[in-house]
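Fold and contact review
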Amino acid sequence: MKIYNTLTRKKEEFVPINPDEVKIYACGPTVYNYFHIGNARPFVVFDTLRRYLEYRGYKVKFVQNFTDVDDKIINRANEEGITPKEVSEKYIEEYFKDAGEIGVKKADVHPKVTENMQDIIKFIQRLIDKGYAYEAEGDVYFDTSKFEEYGKLSKQSIEDLEAGARIEINDIKRHPMDFALWKAQKVGEIAWDSPWGKGRPGWHIECSVMAMKYLGETIDIHGGGQDLIFPHHENEIAQSEACTGKPFAKYWMHNGYITINNEKMSKSKGNFFTVRDILKDFDGEVVRFFLLSAQYRNPINFSRDLMEQAKNGLERLYNAKNNLKHLLDNVAEGNMNDEEKEKFKELEKYKDKFISAMDDDLNTADGIAAVFELVKTINSSVNSNASKEFIQKSLDLFLELTNVLGLVTKEEEALDEEIEKLVKMRQEARKNRDFALADKIRDDLKARGIVLEDTPQGTKWTIKK
Ligand SMILES: Nc1ncnc2c1ncn2[C@@H]1O[C@H](COP(=O)(O)OP(=O)(O)OP(=O)(O)O)[C@@H](O)[C@H]1O
Ligand SMILES: [Zn+2]
């Protein structure tokens with residue numbers, strides 16, 4: 001597989017440090033709000049990367065943190081008159097709900113800043129001991145002038161950075177680019193004890209500490225949105241490599257933006273749509289399809305139109321699955337004949353195509369296109385004359401690929417249950433002589449292609465394609 005590495009600005013062959021286990025760290029959300037569809041992109045992209053590497057036979061350990069100490073959380077807590085812990089706990093719970101809806105699996109570890117405070121303090125102390133950090137009035141800063149490679153990820157020299165830096169009203173720092181590892185407590189703020197007095201960690205240090213604690217000193221892949229390249233990831237590299245003298249991550253992957261009118265969607269600009277809201281109109285898999293419909297480094301301009309397109313695309317995939325299942329239910333046992341064996345080889349070419357696309361820097365756009373080509377060929381060659389084995393193998397192949405994308409994972413049972421529930425509701429309505437409701441339920445089902453038939457034995461339903 002090839003991965004575009006931000007560190008070298010090149011597509012490189014992916015070679016894991018230890019082939020027994022690929023170690024991935026992705027920067028997670030600051031938990032003070034529901035996440036928006038821009039934030040959802042890295043969640044879905046790195047979840048898909050993880051699924052794909054597993055599909056290719058790797059064992060993956062995946063860590064994604066929660067930033068649960070931050071100005072925004074403190075502000076939110078003050079606004080609502082609750083504690084920062086209450087704010088972060090609420091939004092961590094909401095994160096899992098929405099992430100689950102869009103098919104994002106839980107990471108192996110979801111560490112939190114508040115639960116790693118002693119490790120963070122120890123790490124900062126090590127940086128001070130090694131001469132890479134200094135204390136000033138209860139704050140601790142990283143001394144960027146001591147880390148010669150500062151700027152290597154964002155490809156900026158420290159001179160340029162300093163020249164471009166606004167003159168901050170902070171004369172306790174030695175150099176303009178020095179950044180806070182520890183911040184002394186301000187009035188009314190939550191704080192922890194430390195060798196430098198009460199305070200809390202800066203933002204960047206948490207990821208260095210938690211990545212190393214759970215994955216080791218050098219990890220395979222570190223990911224996040226492209227807004228994190230500078231300063232966040234630049235600073236993570238400086239802290240980590242200063243501390244260990246070893247490379248921190250081999251591959252740095254950054255996803256492009258979800259935009260609105262070609263501007264980055266962001267909480268601070270207010271131009272965002274939360275996934276929670278979008279889920280009122282669209283299924284979680286539609287959101288996921290939308291996010292995977294472009295290669296992860298390309299921007300996607302969010303629009304209702306594109307969401308509708310994603311919905312239609314996903315529907316075509318579900319139709320393909322349902323057709324094959326329907327055929328399977330109605331066919332006698334039987335093996336593939338020679339013609340079918342040939343045809344199946346043709347179907348497998350789309351699997352090769354899918355793999356080549358995903359191998360090319362996780363090109364999910366081309367991967368999805370290969371799945372559609374597979375569907376087209378299945379639709380034209382698998383029909384009611386096909387053998388059971390051919391239908392089953394076609395279905396398995398199709399689901400093998402969609403499963404890597406985390407799409408078409410919903411079982412029909414769920415639909416069965418929903419229909420059964422509606423049929424019961426309709427019976428109740430008829431018993432209560434609420435014919436308007438009974439008719440409405442029947443019409444709504446009909447609009448979805450589900451036809452009811454009242455028989456002396458009860459109501460039967462069938463899906464008409
Ligand atoms: N519009 C966007 N498109 C793609 N990724 C984004 C977008 N906005 C944020 N991200 C990514 O979402 C992840 C979660 O970050 P976090 O919760 O800190 O968001 P944030 O930076 O506070 O969001 P915002 O920029 O809206 O204030 C990060 O990897 C970040 O790079
Ligand atoms: Zn981070």
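Residues numbered from 1 in each chain as written. Chains lettered and ligands numbered in written order. Predicted model: local features only at pLDDT ≥ 70, side-chain atom pairs only at ≥ 80, totals over all residues. Heavy atoms only, no water.

**Focus: helix α11 (residues 338–359)**
Its 22 residues give α11 an end-to-end C-alpha distance of 32 Å, which sits within 8% of 32 Å, the value for a rise of 1.5 Å per residue. Every buried residue of α11 is accounted for by Glu-340, Phe-344, Leu-347, Tyr-350, Phe-354, Ile-355, Ala-357, Met-358 and Asp-359. On its buried face, α11 sits against β1 (2–5), α1 (37–55), α12 (364–381) and α13 (388–405). With a side-chain oxygen positioned 3.2 Å from the backbone nitrogen of Glu-339, the residue opening α11 is Asn-337. Asp-361 lies just past α11 and shows a positive phi near 55°. (Helix = DSSP H or I, 4+ residues; strand = E, 2+ residues; numbered from the N terminus. Expected span 1.5 Å × (residues − 1). Buried < 20%, exposed > 50% of the residue type's maximum accessible area, 1.4 Å probe, protein only. Contact = heavy atoms within 4.5 Å. Polar contact = N/O pair within 3.5 Å; in protein donor to acceptor, adjacent residues only side chain to side chain.)

**Let's talk about the site of ligand 1**
The local shell around ligand 1 holds 19 residues, among which His-36, Asp-227, Lys-264, Met-265 and Lys-267 are the closest. One of the side-chain nitrogen or oxygen atoms of Lys-264 is found 2.7 Å away from an oxygen atom of ligand 1. Coverage of ligand 1 by the protein chains reaches 94% of its 590 Å² of free accessible surface. The biggest single contributor to the shell around ligand 1 is α1, with 3 residues. Looking at the shell around ligand 1, its residues break down into 6 nonpolar, 9 polar and 4 charged. (Near = heavy atom within 4 Å. Areas by Shrake-Rupley, 256 points an atom, 1.4 Å probe, with all protein chains shown as cover. Nonpolar A, V, L, I, M, F, W, Y, C, P; charged D, E, K, R; others polar.)

**As for unusual backbone geometry**
Here the bond from Phe-230 into Pro-231 is cis, since omega is 0°, no more than 30 degrees from zero. With respect to the secondary-structure elements, Pro-231 resides in helix α7 (residues 229–244). You will see that Asn-262, though not glycine, has its phi angle at about 60°, which is positive. Looking at the secondary structure, you find Asn-262 in the loop between β11 (258–260) and β12 (263–264). The exposure class assigned to Asn-262 is exposed, which follows from its relative accessible area of 64%. Here Asp-361, not a glycine, exhibits a phi torsion of approximately 55°, which is positive. Following the sequence through the fold, Asp-361 ends up in the loop between α11 and α12.

**Remarks on the coordination of the zinc ion (ligand 2)**
The coordination sphere of the zinc ion (ligand 2) contains the protein donors Cys-27 (SG), Cys-207 (SG), His-232 (NE2) and Glu-236 (OE), at a distance range of 2.0 to 2.6 Å. Coordination at the zinc ion (ligand 2) is irregular: its 4 donor atoms span angles of 72 to 129° at the metal. Since its relative accessible area comes to 0%, Glu-236 is described here as buried. (Donors = N, O, S within 2.8 Å, 3.2 Å for Na, K, Ca; no water. Tetrahedral: all angles 85-135°; square planar, octahedral: opposite > 155°, others 65-115°.)

**Section: the pattern of salt bridges**
The full count for this structure, using the stated rule, is 43 salt bridges. With a shortest N-O distance of 3.8 Å, Asp-443 and Arg-442 are connected by a salt bridge. When its relative accessible area of 33% is taken as the criterion, Arg-442 is described as partly exposed. (Salt bridge = Lys/Arg side-chain N within 4 Å of Asp/Glu carboxyl O.)

**Some points on the UniProt feature "binding site: Zn(2+)" (unreviewed entry) in the protein**
Sequence positions flagged by UniProt for "binding site: Zn(2+)" (unreviewed entry) are, in local numbering, Cys-27, Cys-207, His-232 and Glu-236. Across 210 residues in sequence, these annotated residues keep their C-alpha atoms within 11.0 Å of one another, forming a single compact spot. Take His-232: its relative accessible area is 0%, and that puts it in the buried class. Among residues more than four places away in sequence, those in contact with His-232 are Cys-27, Trp-203, His-204 and Cys-207. With residues near it in sequence (within four places) discarded, Glu-236 still touches Cys-27, His-204, Cys-207, Ser-208, His-222, Phe-248 and Trp-252. Here the side chain of Glu-236 touches His-222 through a polar contact of 3.2 Å, side chain to side chain. (UniProt positions renumbered as here; feature names shortened; annotations may be inferred.)

**A few points about the side chain of Asp-178**
With respect to the helices, strands and loops of the structure, Asp-178 is situated in the loop between α5 (158–164) and β7 (179–184). No salt bridge is formed by the buried Asp-178. Its closest oppositely charged neighbour is Arg-174, at 6.2 Å. At 2.6 Å, the side chain of Asp-178 and the side chain of Tyr-134 are in polar contact. (Lys, Arg positive; Asp, Glu negative; His and termini not counted.)

**Points about the side chain of Thr-377**
Within the fold, Thr-377 resides in helix α12. We classify Thr-377 as buried; its relative accessible area is 9%.

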